[in-house]
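So you can see what is in the structure, the chains are spelled out below.
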Amino acid sequence: MTLPPVAYARPATLEQATELLRDPAARALAGGQSLLPALAAARGAALAGGAGALAPVTLVDLSRIPGLDRLALDPADGALRIGALVTQRAAERSPLVAERAPLLAQALAQVGHPSIRNRGTVVGSLAHADPAAEVPAAAVALGGSVLVAGPGGARRELPAERLLAGPHRTTLAPGELIVELRLPAAATGERQAWLEFAPRRFDLPLVGAAVRVIPGAGARLTLAGVAPTPTTAVLPSHAENGAAVVAVERAVAALDPPSDARASGPLRSRLARTLALRALARAADDATPPARPGPLPPAAPPARAGDDARAPAAALALRLTVDGAVHRPAIDARETLAEVLRERCGALGVRVGCGEGHCGACTVTLDGRTVRSCTVLAAQADGARIETVEALAPAGAPLHPLQRAFVAEHALQCGFCTAGMLLSARELLTEDPAAGDEAIRAGLAGNLCRCTGYQGIVRAVRRARDEAVRDEGDARDDDDEL
Amino acid sequence: MSAAAGSAAAPGAPLGARRTRLEDERLVRGLARHVGDLTRPRMLEAVFVRSPHPAARVRGIDAAAARALPGVAAVLTAADLPHAPLLDSVRIDGLRKTPQPALAGDRVRFVGEPVAIVLASRRAVAEDAALLVAVDWEPTPFVLDAEAAAAPGAPLVHDDVAGNLLFAQTKTYGDPDGAFAAADVVIEQPLIGNRYLAAPLEGRGCLAEPAGAGETSGVTVWASTMGPHLLRRRLAQTTGLPEHRIRVVAPDVGGAFGLKIPAAPEEVAVVLAARAVGRPVRWVEGRREQLVAAPHAKDQRIALALAASARGELLAVRAALTGNAGAYSFNSASALIEPYLGAGLLPGPYAIEHVGAEIRSLLSHTSPISPYRGVGWTQPHTARELALDRVARALDLDPVELRRRNLIRGFPHRSATGMHYDSGSYVASLETAAELIAHEDEPPGTGVRRGVGLTAYVEPAGWGSDGALQSEWSFASHDGARLQLDPTGGVLAVVGTPSQGQGHATTLAQVVAHELGVRVEDVAVVADDTSAAPVSTAGTRASRVATVIGGALALAARRLRERLLAVAAAVLETEGSAATAPLTLAAGVVRGGARELTLRELAEAAHFDLAVRGKLAEPDLVVTQLYDPPATYSNGAIAAVVDVDLGTGGVTVRRLAVVEDCGTMLNPLVVEGQAAGAVVQGLGGALLEDVAYDAAGRPAGDSLGSYLLPCATDVPELAMAHHESPSPRTVNGVKGMGESGAIAAPAAIACAVADALAEEGFAVERLPLTPERVLRGLGAIA
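Please read these numbers as outputs of a predicted model, since none were measured by experiment. All chains use their own residue numbering, which begins from 1 and follows the written sequence. Starting at A for chains and at 1 for ligands, labels are handed out in the order in which the entities are written. In keeping with the model being predicted, local features are shown solely for residues with a pLDDT of at least 70 and side-chain atom pairs are shown and tallied solely at 80 or more, while totals for entire chains, interfaces and linings include all residues. The side-chain numbers reported here are obtained from all heavy atoms of the structure, hydrogens and water having been left aside.

(A) A look at the overall build of chain B. Along chain B, the regular secondary structure elements total 20 helices and 31 strands. For a compact globule the rule gives 2.2 Å times the number of residues to the power 0.38, and the radius of gyration it is set against comes from C-alpha atoms. For chain B, whose C-alpha radius of gyration is 27 Å, the value lies close to the compact-globule estimate of 28 Å for 782 residues. Seen through its principal axes, chain B has C-alpha atoms that stretch 90 × 75 × 50 Å. Any pair of residues with heavy atoms lying within 4.5 Å of one another is described as a contacting pair. If you take every contact in chain B between residues at least 6 apart in sequence, the share linking residues at least 24 apart comes to 81%. All accessibility values rest on the Shrake-Rupley procedure with a 1.4 Å probe; residue burial counts only the protein chains present in the view. Accessible surface, chain B as shown: approximately 24000 Å² in total, 52% of it carbon and sulfur. The charge count includes Lys and Arg as positive and Asp and Glu as negative, but it does not include His or the ends of the chains. Just so you know, the charge point we use is NZ for Lys, CZ for Arg, CG for Asp and CD for Glu. Averaging the locations of the 70 positively and 86 negatively charged side chains of chain B gives two centres separated by 4 Å. Strands are runs of DSSP state E lasting at least two residues, helices are runs of H or I lasting at least four, and both sets are numbered from the N terminus onward.

(B) Representation of the side chain of Glu 335 of chain A in the model. Tracing the chain through its elements places Glu 335 of chain A in the loop between β18 (330-332) and α12 (337-344). Summary of the burial criterion: residues with accessible area below 20% of their type's maximum are buried, those above 50% are exposed, and those between are partly exposed, where the area comes from a 1.4 Å probe applied to protein chains only. Taking relative accessible area as the criterion, Glu 335 of chain A reaches 2% and is therefore assigned buried. Separated by 3.0 Å, the side chain of Glu 335 of chain A and the backbone nitrogen of Asp 332 of chain A make a polar contact. Look past the residues within four positions of Glu 335 of chain A in its chain and what remains in contact with it is Val 340, Arg 344, Leu 377 and Ala 378 of chain A together with Arg 122 of chain B. Here a polar contact means two N or O atoms within 3.5 Å. Within protein one must be a hydrogen donor candidate and the other an acceptor candidate, and residues neighboring in sequence count only if both atoms are side-chain atoms.

(C) Spatial organisation of the pattern of salt bridges. Throughout this description, the term salt bridge denotes a Lys or Arg side-chain nitrogen within 4 Å of a carboxyl oxygen of Asp or Glu. Overall, the coordinates contain 80 salt bridges over all chains when judged by the stated rule. In this structure, Asp 37 of chain B engages Arg 351 of chain A in a salt bridge whose closest nitrogen and oxygen atoms are separated by 2.9 Å. Note that Asp 37 of chain B is positioned in the loop between α1 (24-28) and β2 (44-50) and Arg 351 of chain A in the loop between α12 and β19 (363-366), a pairing that runs across two chains. Grouping residues by exposure puts Asp 37 of chain B and Arg 351 of chain A together as buried.

(D) Representation of the confidence of the model for chain B. Residues and elements named next belong to chain B. Mean pLDDT over chain B: 96, with 99% of residues reaching 70 or higher. Confidence per residue, as judged by the predictor, is encoded in pLDDT with a range of 0 to 100. Throughout residues 1-8 the model reports pLDDT below 50, and contacts reaching past four residues in sequence, or to other chains, amount to 18 contacts. In the predicted complex, the global pTM is 0.96; the interface-specific ipTM is 0.97.

(E) Broad picture of the interface of chain A and chain B. Taken together, the contacts link 76 residues of chain A with 83 residues of chain B. Buried area: the sum, over both parts, of the accessible surface (1.4 Å probe) that disappears when the two are put together. A combined buried area of about 6500 Å² lies between chain A and chain B, and 57% of that area is made up of carbon and sulfur atoms. The partner of Arg 122 of chain B in a salt bridge is Glu 335 of chain A, with the nearest N and O atoms 3.8 Å apart. Summed over the shared surface of chain A and chain B, the result is 41 residue pairs in polar contact (both at pLDDT 80 or more). Elements supplying a minimum of two residues to the side of chain A that touches chain B: α2 (35-47), α11 (265-285), α12, α13 (401-408), α14 (418-431), α15 (437-444) and α16 (455-481) of chain A. Partitioned by chemical class, the residues of the side of chain A that touches chain B number 40 nonpolar, 18 polar and 18 charged. Throughout this entry, Asp, Glu, Lys and Arg are counted as charged residues, while Ala, Val, Leu, Ile, Met, Phe, Trp, Tyr, Cys and Pro are counted as nonpolar. The remaining residues, Gly among them, count as polar.

(F) Highlighting the state of the cysteines. Pairs of cysteine sulfur atoms within 2.5 Å are what we label disulfides. Enumeration according to the criterion identifies 0 disulfides over all chains in this entry. Cys 374 of chain A provides the cysteine sulfur closest to Cys 362 of chain A, a residue in no disulfide bond, and the two sulfurs are 3.7 Å apart.

(G) Quick look at the packing of aromatic side chains. Residue and element names in this part refer to chain B. Two rings belonging to Phe, Tyr or Trp (six-membered ring only in the last case) form a pair when the distance between their centres is within 6.5 Å. Interplanar angles under 30 degrees mark stacking, angles over 60 mark edge-to-face geometry, and anything in between is tilted. Applying the stated criterion to the full structure yields 9 aromatic pairs over all chains. Ring geometry for Tyr 340 and Trp 473: centres 5.7 Å apart, planes at 50 degrees, overall tilted. On the criterion of sequence distance, the pair formed by Tyr 340 in helix α9 (residues 339-344) and Trp 473 in the loop between α13 (465-470) and β22 (479-485) is long-range, its members being 133 residues apart. The same class applies to Tyr 340 as to Trp 473, namely buried. Aromatic rings pair up to connect Phe 411, Tyr 421, Tyr 426 and Tyr 633 into one cluster. Against the face of Phe 180 rests Arg 318, its NZ or CZ located 3.9 Å from the ring centre. Any Lys NZ or Arg CZ found within 6 Å of a ring centre and within 35 degrees of that ring's normal is scored as a charge over the ring.

(H) View of the sheet that holds strand β14 (residues 231-235) of chain A. Residue and element names in this part refer to chain A. Pairing between strands is defined by DSSP: at least two bridges between them are needed. What the 4 strands build is an open sheet, ordered β11-β12-β13-β14; its pairing is antiparallel. Each edge of the sheet is formed by a strand with only one pairing partner; in this case those strands are β11 (191-197) and β14. Between one strand and the next, the sheet's axes are offset by a mean angle of 15 degrees, whatever the strand orientation. One ladder, built from 5 bridges, connects strand β13 (residues 219-224) with β14; its direction is antiparallel. Note that in β14 the partner of Ala 219 across the bridge is Leu 235. Geometry is summarised by axes, namely lines fitted to C-alpha atoms with helices restricted to the contacting stretch, and by angles between N-to-C directions that run from 0 to 180 degrees. Running over the sheet, α11 touches β11, β12 (207-213), β13 and β14 and is turned about 30 degrees from β12.

(I) Spotlight on the environment of Ile 743 of chain B. Residues and elements named next belong to chain B. Among the secondary structure elements, Ile 743 is positioned in helix α19 (residues 740-756). Put simply, Ile 743 and Val 458 are 285 residues apart on the chain and 9.1 Å apart in space, counted from C-alpha to C-alpha. Setting aside its immediate chain neighbours within four residues, Ile 743 contacts Gly 374, Trp 377, Thr 378, His 381 and Glu 459.

(J) Spotlight on the packing of helix α11 (residues 399-406) of chain B against helix α12 (residues 426-437) of chain B. Residues and elements named next belong to chain B. Viewed as axis vectors pointing N to C, α11 and α12 meet at an angle of 165 degrees, and their least axial separation amounts to 9 Å. As judged from the angle between their axes, α11 and α12 are roughly antiparallel. Here α11 and α12 pass one another in a crossing that is left-handed. On α12, the residues touching Val 400, Arg 403 and Arg 404 of α11 are Val 427, Leu 430, Glu 431 and Ala 434. When the residues that make up the contact of α11 with α12 are grouped by side-chain class, the tally is 4 nonpolar, no polar and 3 charged. Angles below 35 degrees are treated as roughly parallel, those above 145 as roughly antiparallel, those between 65 and 115 as roughly perpendicular, and all remaining angles as oblique. Each crossing gets its handedness from the near helix: less than a right angle anticlockwise from the far helix is left-handed, clockwise is right-handed.

Next up, the structure:
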């Protein structure tokens, strides 16, 4: 459950990055939520009786390049510009995205789980080019394009559908890097919807459907998971309209979706038909598709200035603040944050359950937001403030209200998932203090528990929520008395 | 809701109190320590080299490149680590033996079987090195499922097991043929049960450190295990060390559910390797390693038939139960746990007098089948309950009414297969479940079908040797417990059954506190160390700890209590003040009229006051107690409401209700937690979880991205209720529980899906009920 050997480089400028990326073994690393699980999975599969050693990789960390974390409207044409370091979570909760590209906001809310979206980037998911994933389909559906930087300061722009070349393949040449995703302004009165299906709600979909209903111009359907890249068809605009059904069926009949271990081609066709019709009905129904307003999570720290680690290195020294204590471990570049926390910082409250970002047991907070420490490259956390479960109640201090609620409601049995569950629950209640059952379940869906059936966990989060509301009420009463 | 019928527990008493767990503060603070958290000086990390082939000959292993990697201490193969193979340990006539090596020698039999162990200073280096070991494989023909394994000319998994047939037996109870001939209705219900697995969040693992030297040479092993004594026994058998030189410690264990009962071949290899290199060696199982190479579970192919009269009496059940045993019959019992145990419970909670079972267990080139919650019972139960619903449909009877007519009402009841059901609330539990699930609910949307499934179950619980024998299973299952009052007045309860999340530190303390008359907090349960605990022959399994170990501790506490009262009398006598009233011990204080003696005072006197000690017949506050209870059976009912989306094939479980009757409850909070966990594991088995070997012989479900465990969004809120029918046979009427959801929730959900789609002509014949299977069954996709 470790990563393969990697060399690590942390360029300070786009020029340095593109230069480093000319190496065919180099991969651009932003949030790493697609790339690092893929590396871990390939190695894990090889060790579990799979094929042999993997090709060496150089990870080019983009996170210290200034300016890539911008999410803004282009004053010239009203296009939404999403920089390469904008996280999925930031975009999902951005009022700009909700307003200008609700389809993207809806799709992002389905990408993995909060602790994945806190770290994963919109552009990174696009570049990962999974044929079933939400972001590539949304980018194509919205007529997006990417601004690409190349060696020597070269720039080019190309449409998202020409970026995507096939499953996990793009048309980027060595040395090229996506700087931002541009989504043109929606038409006046346009309504959008995203629907997807997977056996578990937040998994990578088997099939996803994006629909844009454009007044006077019919509807545009984009499907994920039915072809090597997202496919688009033009439809009449109303689901009730028999013509729309016929058009959807014609579009679906023209597909020849792949069969693999996750789904057969016929299942994908069926899902495409169902989701397309439902998305069409939804887009036709909802004047303003729901995009959650809610407070933004704590602002991301400004990108730290790049340092001199231009040359790829296999070892480096870090500075980490873990539960308030400063550590300066010397590490191998390939070490994950989970490994460093456990083995070099003594933070044994961090549990590793899968090493590939699937189970959530290793959840910690990084600069105030939950992440899965098994899929964070420790080198990227250099300078960060980490909190593990031990930060909730330092030794000797009384338990945190969530910890108390977990005990009171029997929300744990073996306790292996508990640390991650507590930290996810804390973030959930911070962002949505009135979270109802559905929001609680959705917010914790990325943290697997094998013992409790989630019954006590949901009750405990509810209890902590209600106690916090009561405490707040009490505090207000006290104020009144003053 | 509670319908207590003469519980041993009085209001306010520790036994039966709904109280939070003593272990939890430590766990929520992140202070647990698992095998992967432990280190020893000079420790090496172990990583295994595993077979990529389901069947192959090993022509050679070249580890030169791996050994040359800096940080690698050793690469060891079977040739370097001589040992006796692991063997299954159930004595049943006709069961063929399949010795399993810790490391495969010249032949591998499933993908993931280990052939070498790599030791290095760091795990990453050991993994790098493992990938550099070059094995010269000669792939050979393989067979993956039981039917194919039985076919003439199928490749043999073990050369000396002809036809891959590990075991075959026909069992007949009563006259099933006659009953079927006389029946008005006969329903055939085939079921291909999925292969799934426990998948606890913490994988397997161990740390072995050589101990002693020369004539005292031995080993200390910290292992993520459910049975430290069981592991010690296997290690003794394989390494040749005597058991008193092997110390097995179970630190915190992150879930187990049956998986950690057998000794892992890897554990044996780690111990052998540690002794070979003379350094501590730690192995922490990776998730993919677990999903691919750890034992799997279930995987029965069933052809069941149910015979009924026109009046809705169930007359007979007959089933051919074929277990896919995998490549080896696992060591702490055998692969028969699936079809053989399944046969014994075919009548379940119903008065079915005629039973026929054809049991077969076949080897295949897949990971071995070992226990997982509800061993053996889950899939036959599902098949029988699906058949019951179809009988109801054929007779136009309400499925609940059909069950009500056939549930056992009088106790004790001897089942057709020889189980002595001691007491229960079979009908009442069914009715309570039906009430819980009846609910005003918004109607399903367009293109969505709703269905209800309700199943009654009986759970052979609290396994002692008698319980095992009633399942025709010869397996010594007795336990000793040691209880001692320490000089400061605290109570130490030492047992051989560690907790993997079940809460023994609380529930067993409640038993002791109740019987002894002390506070729950004054009892420390120690269950982690073979060098401290009396031998537990079976370990933490088969819902047995509350009954067997709880019983042993209760009996020990009663004896210790007598001794404490004797100490109190001696103290008073020494003081020259006789008690003015009979001595009582409650809440840690002995009262005899005006005089009060705390436990601490008593303990101090009993240990150090020579005058008091001189008056004691038994001047010893340590009691050891063996208990091997008679068989006992828990019961209950589970109901589910599902929505099936015809557009996607997706099944949503809207409601679940569980009614549990496990006799006297030690702690309802813990009972409900266990019930809920088991139900959701059952939900996973019904809808999501499938190892699904591909054509190349590799599990498709090889990561937690492809092997789908239920998430919070897959599970509704459970409605839960209790009945309490104490066992007349066991200490305090305790029966044991924890598996019912794993046994019966798949049936409730499968029945609900069948109900939802009955008009569409859909029949459940294979699990899990994936969108693919649902839509195919409906004819919606080709």
